Amino acid sequence: MSKLTQSVAWTKLQTHATRVRATHMRDLFEADPQRAARYTLTAAGITLDYSKNWLVDETLPLLVSLAEQEQVGASIERMFLGERINNTEDRAAFHVALRANAPMHTAGRDVVPDVVRVRAAMRSFVDSVRDGTAKGHTGKPMRAIVNIGIGGSDLGPLMATEALAPYRHPRLTPYFVSNVDGTHLSEVLKRVDPETTLFIVASKTFTTQETIANALSAREWLVSALGSEQAVGRHFVALSTNLQATAQFGIDARNVFEFWDWVGGRYSVWSAVGLSLALAIGMDEFEQMLAGARAMDEHFKSAPLEANMPVVLALLGIWCTNFFGTRSLAILPYDQYLARFPAYLQQLEMESNGKRVRRDGEPVDYATCPVIWGEPGTNGQHAFYQLLHQGSEIIPADFIAPVRTHNPLGQHHRLLLANFIAQTEALMRGKTSAEVRAELVKQGLTGAALEALVPHKVFLGNRPSNSIVLEQLTPHTLGALIALYEHKVYVQGSIWGINSFDQWGVELGKQLAQRVLDDLAGPDEPSEHDASTQGLIKRMLLADRAAPLAVAKKGPLS
Ligand code: F6P
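On a predicted model such as this, the values are computed, not experimentally measured, just so you know. (Residues numbered from 1 in each chain as written. Predicted model: local features only at pLDDT ≥ 70, side-chain atom pairs only at ≥ 80, totals over all residues. Heavy atoms only, no water.)

Chemist: In this structure, what is going on with the overall build of the protein chain? I would like to understand it.
Modeler: Within the protein chain one finds 23 helices and 13 strands. Over its C-alpha trace the protein chain gives a radius of gyration of 26 Å, about what one expects of a compact globule, namely 24 Å for 558 residues. With the C-alpha coordinates aligned to their principal axes, the bounding extent of the protein chain is approximately 80 × 60 × 60 Å. Classification of the 558 residues of the protein chain by burial places 52% in the buried group. Summed over its atoms, the accessible surface of the protein chain is roughly 24,600 Å², and 54% of this surface lies on carbon and sulfur atoms. A distance of 3 Å separates the average location of the 53 positive side-chain charges in the protein chain from that of its 58 negative side-chain charges. (Helix = DSSP H or I, 4+ residues; strand = E, 2+ residues; numbered from the N terminus. Rg over C-alpha atoms; globule rule 2.2 N^0.38 Å. Buried < 20%, exposed > 50% of the residue type's maximum accessible area, 1.4 Å probe, protein only. Areas by Shrake-Rupley, 256 points an atom, 1.4 Å probe, with all protein chains shown as cover. Lys, Arg positive; Asp, Glu negative; His and termini not counted. Charge placed at Lys NZ, Arg CZ, Asp CG, Glu CD.)

Laid out in structure tokens, this is it:
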């Protein structure tokens with residue numbers, strides 16, 4: 001048994017959970033008209049109503065004791081002090097410095113001047129593309145912005161560019177290419193004109209197979225379409241920490257926007273990785289997003305644990321995961337602009353906390369990150385909410401909604417909000433068999449026909465959810481929302497004792513893919529594999545013999 005599960009705070013919570021399990025939220029609401037007010041927090045333009053959770057009076061203090069016991073306050077300080085909290089990669093996780101407006105030191109150095117310098121370079125580039133003074137090789141202003149990147153070099157800017165679509169420049173259309181599947185790039189290239197397309201190659205390491213393959217193919221397409229290598233200089237920029245590799249790729253140093261190893265990929269949207277977003281919405285709005293995140297940072301740094309929104313959100317997650325055994329978390333934005341927010345959080349949460357060993361290498365004996373998934377409401381209601389309401393597994397959910405819409409259209413927004421609110425109520429209240437019977441009687445059913453239907457129509461309720469409400473989805477509130485989840489993830493990682501900032505779990509697949517790639521390139525003796533893997537390789541090689549699977553020439557990645 002680990003120290004954590006044997007600790008005083010943990011065991012107290014275990015005992016407490018047995019008691020709370022015997023309560024129903026519906027009764028708790030009936031007993032306390034102040035419940036919602038007591039369990040609501042506001043920070044940085046975001047309101048979190050967490051009253052529809054398994055909470056009685058003692059719960060939050062006990063959860064906060066766990067946070068205190070695991071020294072969450074000290075962890076928060078360490079992050080803002082730029083300490084090397086990413087211990088397995090021996091570096092800081094200092095994304096908060098990207099949105100700071102005062103000196104922030106790591107390794108004895110104030111990094112903010114560098115951040116400001118790169119941001120100034122981004123601003124002049126962004127302005128020149130947006131006002132049309134930056135021209136392509138044939139003298140035309142840019143119309144398409146194609147971000148080539150994957151993981152953190154894709155999901156953040158993609159999600160935010162979609163989320164902030166109302167702020168987009170009318171001439172510039174953003175595209176995002178991430179998948180190494182040639183279909184992704186090909187479909188984008190079909191839609192853009194080489195004379196007016198700017199490619200942004202975003203890669204922290206600049207060694208990521210998918211990104212380099214896509215970048216090379218895009219470059220080949222551009223050069224062949226415009227008939228000159230010279231065109232690359234005007235149509236390609238890079239975002240990276242690896243300036244040597246960007247130079248090797250042939251991108252002029254003046255077209256490289258750098259960031260630093262203390263910026264984790266999934267925490268990089270605030271850095272030069274946000275360039276595609278900044279081009280779309282303009283630098284002023286981009287800086288508004290930074291300001292929103294900064295407001296959440298200030299709150300995170302200074303609010304007491306029990307009133308600290310990221311801490312409370314983290315503790316509620318731990319309460320559900322570790323003491324009630326829930327295994328996934330649904331992210332349900334009631335805002336079409338946030339359609340990619342669940343995918344963004346998948347990387348943020350699962351790549352950060354999807355780990356089975358602690359910082360010191362000891363295996364955990366408790367659950368860590370749940371599976372994160374979700375879709376915008378109301379679409380999800382007509383797809384998977386059945387399981388949320390009546391499934392055999394309880395799935396906590398974060399509902400996210402803006403009070404105001406960017407697109408007032410008849411009754412639409414009222415309908416949307418009504419659905420959001422009603423879903424949280426239904427999950428919490430449920431419907432008892434007595435209520436179902438009364439309803440069926442009203443509909444004229446009696447006897448066996450009525451009784452046969454009752455179990456199907458009962459909702460147990462008592463299913464937890466958080467309601468996260470923004471005044472409107474703006475760069476500022478989006479910044480605060482992302483920072484809220486970033487900090488939540490860090491707090492959970494701190495309590496679970498894991499390093500939220502490495503991602504060794506992605507390595508094995510990458511290594512094996514390289515071996516399989518060599519085998520598929522043939523004709524050498526294939527490397528050793530199990531029978532299934534061998535069979536799949538043979539299947540592809542046979543097909544390749546019949547008709548080549550890839551263009552004959554050996555590319556730089558083959
Ligand atoms: O393979 C996972 C990962 O390393 C992510 O952590 C990262 O966001 C993504 O790949 C892309 O990495 P890069 O920005 O270096 O291309």
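Chemist: I would appreciate a short explanation of the packing of aromatic side chains in the present structure.
Modeler: Summed over all chains, the structure comprises 23 aromatic pairs. Between the aromatic rings of F125 and F257, the centroid separation amounts to 5.4 Å while the plane-to-plane angle is 50°, which identifies the pairing as tilted. Linking F125 in helix α7 (residues 112-130) with F257 in strand β9 (residues 256-258), this pair joins segments that are 132 residues apart in sequence. Given a relative accessible area of 17%, F125 falls into the buried group. Here the aromatic rings of F384 and Y385 are separated by 5.4 Å at their centres, their planes lie at 45°, and the arrangement is tilted. For the pair F384 and Y385, one class covers both residues: buried. Through a chain of ring-to-ring contacts, three or more aromatic side chains come together here, namely W10, W54, W319, F323, F324 and Y366. Directly above the aromatic system of W270 lies the positively charged group of R99, at a separation of 4.5 Å from the ring centroid. (Phe/Tyr/Trp six-rings, centres within 6.5 Å; stacked < 30°, edge-to-face > 60°. Lys NZ or Arg CZ within 6 Å of the ring centre and 35° of its normal.)

Chemist: Honestly, the site of the ligand in this entry has me stumped. Any pointers?
Modeler: Neighbouring the ligand are 14 residues, the closest being G152, S153, S203, T205 and T208. Between the ligand and Q347, the relevant distance is 3.2 Å, taken from an oxygen atom to a side-chain nitrogen or oxygen of the residue. Between K510 and the ligand, the recorded distance is 3.0 Å, taken from a side-chain N or O atom to an oxygen atom. For the ligand, the protein covers 88% of the area, taking 390 Å² as the surface of the free molecule. Per-class residue counts for the shell around the ligand are two nonpolar, nine polar and three charged. (Near = heavy atom within 4 Å. Polar contact = N/O pair within 3.5 Å; in protein donor to acceptor, adjacent residues only side chain to side chain. Nonpolar A, V, L, I, M, F, W, Y, C, P; charged D, E, K, R; others polar.)

Chemist: What is the right way to look at helix α5 (residues 59-69) in this model?
Modeler: Turn by turn, an α-helix covers 3.6 residues, leaving residues three or four places apart pointing in a common direction. Inspection of α5 places T59, L60, L62, L63, V64, L66 and A67 among the buried residues, and these make up the whole buried set. Count one or two residues on from α5 and you reach Q71, which has phi positive near 55°.

Chemist: Even after reading the chapter, I still don't get the sheet that holds strand β8 (residues 236-240), so can you show me in this structure?
Modeler: Where strands meet in a sheet, backbone hydrogen bonds hold them as pairs that are either parallel or antiparallel. Spatially, five strands are ordered β6-β5-β7-β8-β9 in an open sheet, and the strand pairing comes out parallel. Both outer strands of the open sheet, β6 (173-177) and β9, are each paired with one neighbouring strand and no more. On average, adjacent strands in this sheet sit at an angle of 20° to one another, irrespective of strand direction. Two elements, strand β5 (residues 144-148) and strand β7 (residues 197-202), share five bridges in a ladder whose sense is parallel. Of the residues in β7, the one forming a bridge with I145 is L198. Across the face of the sheet, α7 comes into contact with β5, β7, β8 and β9 while running at roughly 145° to β9. (Pairing = 2+ DSSP bridges. Axes fitted to C-alpha atoms, helices over the stretch in contact; angles between N-to-C directions. Contact = heavy atoms within 4.5 Å.)

Chemist: Would you take a moment to explain the pattern of salt bridges for this structure?
Modeler: Side chains that differ in charge, positive against negative, can pair when their charged atoms come close. By the definition in use, this model includes 25 salt bridges. A salt bridge links D284 to R123, with the nearest nitrogen and oxygen atoms 2.8 Å apart. Placement of D284 in helix α14 (residues 283-302) and of R123 in helix α7 is noted, with a sequence separation of 161 residues between them. Overall, D284 belongs to the exposed group, its relative accessible area being 52%. Residues participating in the shared-partner salt-bridge network are R109, D114, R117 and E258. (Salt bridge = Lys/Arg side-chain N within 4 Å of Asp/Glu carboxyl O.)

Chemist: Mind showing me how you'd approach the sheet that holds strand β1 (residues 40-43) here?
Modeler: The strand order across the open sheet built from six strands is β1-β2-β13-β12-β10-β11, with neighbouring strands paired in mixed fashion. Each having just a single partner strand, β1 and β11 (371-373) make up the two edges of the open sheet. Averaged over all neighbouring strand pairs, the angle between strand axes comes to 20°, with direction disregarded. Taken together, the four bridges between strand β10 (residues 328-333) and strand β12 (residues 397-404) define a ladder with parallel strand orientation. From the neighbouring strand, I331 faces β12, where its bridge partner is D398. The sheet strands contacting helix α18 (residues 412-429) are β12 and β13 (465-472), and the helix crosses β12 at an angle near 150°.

Chemist: Can you walk me through the nonpolar core in this structure?
Modeler: The tendency in soluble globular proteins is for nonpolar side chains to be buried side by side. W262, L275, W319, F341, L478, L481 and Y485 are the most contacted members of the largest nonpolar core, which has 125 residues in total. Counting residues per element, this core draws most heavily on helix α21 (residues 475-496), at twelve residues. Counting residues in each nonpolar core, the second largest holds 26 residues, with V192, F206, F236 and A238 among its members. (Core = buried A, V, L, I, M, F, W, Y, C linked by side-chain atoms within 4.5 Å.)

Chemist: Which parts of the structure should I look at to understand the state of the cysteines?
Modeler: Defined simply, a disulfide is a covalent bond joining two cysteines at their sulfur atoms. Counted by the stated rule, this structure contains zero disulfides. Cysteine C320 remains unbridged, with the sulfur of C369 as its closest cysteine sulfur at 13 Å. What makes C320 buried here is its relative accessible area of 4%. C369 sits in the buried class, given a relative accessible area of 18%. (Disulfide = S-S within 2.5 Å.)

Chemist: Even after reading the chapter, I still don't get the confidence of the model for the protein chain, so can you show me in this structure?
Modeler: One rule of thumb: low pLDDT means the predicted coordinates there are not for detailed reading. Scored by pLDDT, the protein chain comes out at a mean of 96, with 99% of its residues at no less than 70. Across residues 553-558, confidence stays below pLDDT 50; counting only partners more than four residues off in sequence or on other chains, it has seven contacts. (pLDDT = per-residue confidence, 0-100.)

Chemist: So what exactly am I meant to see when it comes to the environment of T432 here?
Modeler: Along the polypeptide, T432 turns up in the loop between α18 and α19 (433-442). For the pair T432 and L460, spaced 28 residues apart in sequence, the C-alpha separation works out to 6.9 Å. Residue contacts for T432: discarding those within four places in its chain leaves R26 and V458.

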